[in-house]
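Reading the structure
So you can see what is in the structure, the chains are spelled out below.
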Amino acid sequence: MSVRLAAIGLVLASMSMSACANVTAEVTPIGPAFPARGAGCPLTVSPAQPPPYPIVDIASARVKCKDRRTSCIEELEARACDAGADAVYGFSETVRGHTTFITATFAHSARPPR
């Protein structure tokens, strides 16, 4: 009985977190694939321009969030780590009412030629 209650609690907690976040994301590969880097991976975040070192673009992303812009940034960072990126740059932001849309490019540092 306690295992069932724990499972129900986990489902309700997940539903509650999803309902509060109101965040959706689409990621489209545009370059070579890299392995995922794990949650909370270190990233260079450059809202305006590419980072000041050689990179290769690997994906473009679009996130949509309600009421909290920081939720969009957090989702971009999480998705970038999932995509194997080590940089996120080139933000384009639109706000409609209480909804924020941000597009950005995910990149990986370019490997030096051998």
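Read from one edge to the other, the open sheet built from five strands follows the order E1-E3-E5-E4-E2, with strand pairing classed as mixed. The open sheet has two free edges, formed respectively by strand E1 (23-29) and strand E2 (44-46), since each of these has just one partner strand. Direction aside, the axes of adjacent strands within the sheet are offset by 25° on average. Strand direction decides the pairing type here: strand E4 (residues 87-96) and strand E5 (residues 99-109), joined by eight bridges, are antiparallel. Residue pairing in the sheet places Val-95 in a bridge with Thr-100 of E5. Contacts between helix H2 (residues 69-83) and the sheet are confined to E1, E2, strand E3 (55-66), E4 and E5, with E5 contributing the most and set at about 30° to the helix.

Now for the nonpolar core. Judged by nonpolar contacts, the single largest core of 17 residues is most densely connected at Ile-58, Val-63, Leu-76, Val-88, Phe-91, Ile-102 and Phe-106. Of all elements in the fold, only E3, H2, E4 and E5 reach the threshold of two or more residues within this core. Dropping the residues within four chain positions of it, Ile-58 is found in contact with Thr-28, Pro-29, Ile-30, Gly-31, Pro-32, Phe-34, Ala-83, Gly-84, Ala-85, Phe-106, Ala-107 and His-108.

Moving on, we come to a positive patch on the surface. Together, Arg-62, Lys-64, Lys-66 and Arg-96 give the surface a local cluster of positive charge. The element that contributes the greatest number of residues to the positive patch is E3, accounting for three residues. Checked against the element boundaries, Arg-96 lands in strand E4.

Moving on: the pairing of E3. Sheet topology note: the E1/E3 ladder contains seven bridges and is antiparallel. Bridged to Pro-29 within E3 is Ala-59.

Now for the pattern of salt bridges. Evaluated as defined, the whole model comprises two salt bridges. In this structure, Arg-69 engages Glu-93 in a salt bridge whose closest nitrogen and oxygen atoms are separated by 2.9 Å. Remark: Glu-93 occurs in strand E4 and Arg-69 occurs in helix H2; sequence separation between them is 24 residues. With relative accessibility at 41%, the residue Arg-69 sits in the partly exposed group.

About the criteria used
Residues numbered from 1 in each chain as written. Predicted model: local features only at pLDDT ≥ 70, side-chain atom pairs only at ≥ 80, totals over all residues. Heavy atoms only, no water. Pairing = 2+ DSSP bridges. Helix = DSSP H or I, 4+ residues; strand = E, 2+ residues; numbered from the N terminus. Axes fitted to C-alpha atoms, helices over the stretch in contact; angles between N-to-C directions. Contact = heavy atoms within 4.5 Å. Core = buried A, V, L, I, M, F, W, Y, C linked by side-chain atoms within 4.5 Å. Buried < 20%, exposed > 50% of the residue type's maximum accessible area, 1.4 Å probe, protein only. Patch = residues over 30% accessible without salt bridge, like charges linked within 9 Å, V, L, I, M, F, W, Y side chains within 5 Å. Areas by Shrake-Rupley, 256 points an atom, 1.4 Å probe, with all protein chains shown as cover. Salt bridge = Lys/Arg side-chain N within 4 Å of Asp/Glu carboxyl O. Lys, Arg positive; Asp, Glu negative; His and termini not counted. Charge placed at Lys NZ, Arg CZ, Asp CG, Glu CD.

Just distances and angles here, no functional claims.
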